[in-house]
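Close look at the chain arrangement
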Amino acid sequence: MIPWLEKCTEDQHSKLVNKALKYLSSSPISELGEQLYCSQRTLERSFQRVTGLTLKQCQSMNRLEEMLEYVYQRDSAELDWVDIAFKFGFSDQPHLIHYLKKQLGFTPKIYEKERDLAIDIYGGVNSNQNIQ
């Protein structure tokens, strides 16, 4: 083990964030504080301090990752973007299209054709072919 790593301890913020991450994909953000027995503001501050992201940004990234993985694992003929929109919590297909355009810079159909993209936590989108 690396000597300096042995001296590392988990502070109260990290402990709270680790707990929050377990619930983030299955619970509304507005209920997390209550589930973790702390104020919503305390949770938000700790999460931002530890991760550099807001809870909403993290939840959005997780949802995007799950959705892109879902799309990646299916043939184009199997994809129904209306069903995908509802499956991943969008009210309709136009909201999904707007979201993907904002996050990735292109529409679902273009992503469907490109499928070899990597997304970093800072919002960048790169072709996996260029990342080697």
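Residues numbered from 1 in each chain as written. Predicted model: local features only at pLDDT ≥ 70, side-chain atom pairs only at ≥ 80, totals over all residues. Heavy atoms only, no water.

Tracing the backbone shows Glu-112 in helix H8 (residues 108-114). When residues no more than four places from it in sequence are discounted, the contact partners of Glu-112 are Ser-76, Leu-79 and Trp-81. (Helix = DSSP H or I, 4+ residues; strand = E, 2+ residues; numbered from the N terminus. Contact = heavy atoms within 4.5 Å.)

All told, the structure shown has one salt bridge when counted by the stated rule. Linking Lys-109 and Glu-112 is a salt bridge whose minimum nitrogen-to-oxygen distance equals 3.6 Å. In this pair, Lys-109 and Glu-112 both sit in helix H8, three residues apart, roughly one turn of the helix. Classification of Glu-112 by relative accessible area gives buried; the value is 9%. (Salt bridge = Lys/Arg side-chain N within 4 Å of Asp/Glu carboxyl O. Buried < 20%, exposed > 50% of the residue type's maximum accessible area, 1.4 Å probe, protein only.)

Moving on, we get to the packing of helix H5 (residues 55-72) against helix H7 (residues 93-104). Here H5 crosses H7 at 105 degrees, and the two axes come no closer than 12 Å. Judged by the inter-axis angle, H5 sits roughly perpendicular to H7. Contact residues: Ser-60, Arg-63, Leu-64, Met-67 and Leu-68 in H5; Leu-96, Tyr-99, Leu-100, Gln-103 and Leu-104 in H7. In terms of residue class, the contact of H5 with H7 is built from seven nonpolar, two polar and one charged. (Axes fitted to C-alpha atoms, helices over the stretch in contact; angles between N-to-C directions. Parallel < 35°, antiparallel > 145°, perpendicular 65-115°, else oblique. Nonpolar A, V, L, I, M, F, W, Y, C, P; charged D, E, K, R; others polar.)

Let's shift gears to helix H4 (residues 40-51). Since the α-helix packs 3.6 residues into each turn, any two residues three or four apart lie on the same face. Counted at 1.5 Å a residue, the expected span for H4 with its twelve residues is 16 Å, and the 16 Å between its end C-alpha atoms agrees. Among all positions in H4, only Leu-43, Ser-46 and Phe-47 are buried. Each buried residue of H4 lies within a common arc of 100 degrees when the element is viewed along its axis, so the set occupies one face. In H4, the exposed positions angled more than 90 degrees off the buried face are occupied by Arg-41 and Arg-49. On the buried face of H4, the contacting elements are helix H2 (12-23), helix H3 (29-35) and H5. (Expected span 1.5 Å × (residues − 1). Arc of directions from axis to C-beta.)

Met-67, Ile-84, Leu-96 and Leu-100 are the most contacted members of the largest nonpolar core, which has 16 residues in total. Secondary structure elements with two or more residues in this core: H5, helix H6 (81-87) and H7. When sequence neighbours within four positions are dropped, the list of residues in contact with Ile-84 reads Met-67, Tyr-70, Val-71, Leu-79 and Leu-96. Grouped together as the second largest cluster of nonpolar side chains are twelve residues, Val-17, Ala-20, Leu-24 and Leu-55 included. (Core = buried A, V, L, I, M, F, W, Y, C linked by side-chain atoms within 4.5 Å.)

What follows is about H2. Its twelve residues give H2 an end-to-end C-alpha distance of 17 Å, which sits within 8% of 16 Å, the value for a rise of 1.5 Å per residue. For H2, the complete set of buried residues consists of His-13, Leu-16, Val-17 and Ala-20. The arc that holds the buried residues of H2, viewed along the axis, is 100 degrees, so those residues lie on one side. Contacts made by the buried residues of H2 are with H4.

For the rest of this paragraph, the subject is the environment of Gln-103. Along the chain, Gln-103 turns up in helix H7. When the C-alpha positions of Gln-103 and Leu-64 are compared, they lie 8.5 Å apart, and in sequence the two are 39 residues distant.

All right, on to the side chain of Ser-46 then. Tracing the backbone shows Ser-46 in helix H4. We classify Ser-46 as buried; its relative accessible area is 2%. Each residue touching Ser-46, except ones within four places of it in the same chain, is listed here: His-13, Leu-16 and Val-17.

Function cannot be inferred from these measures alone, as they are strictly geometric.
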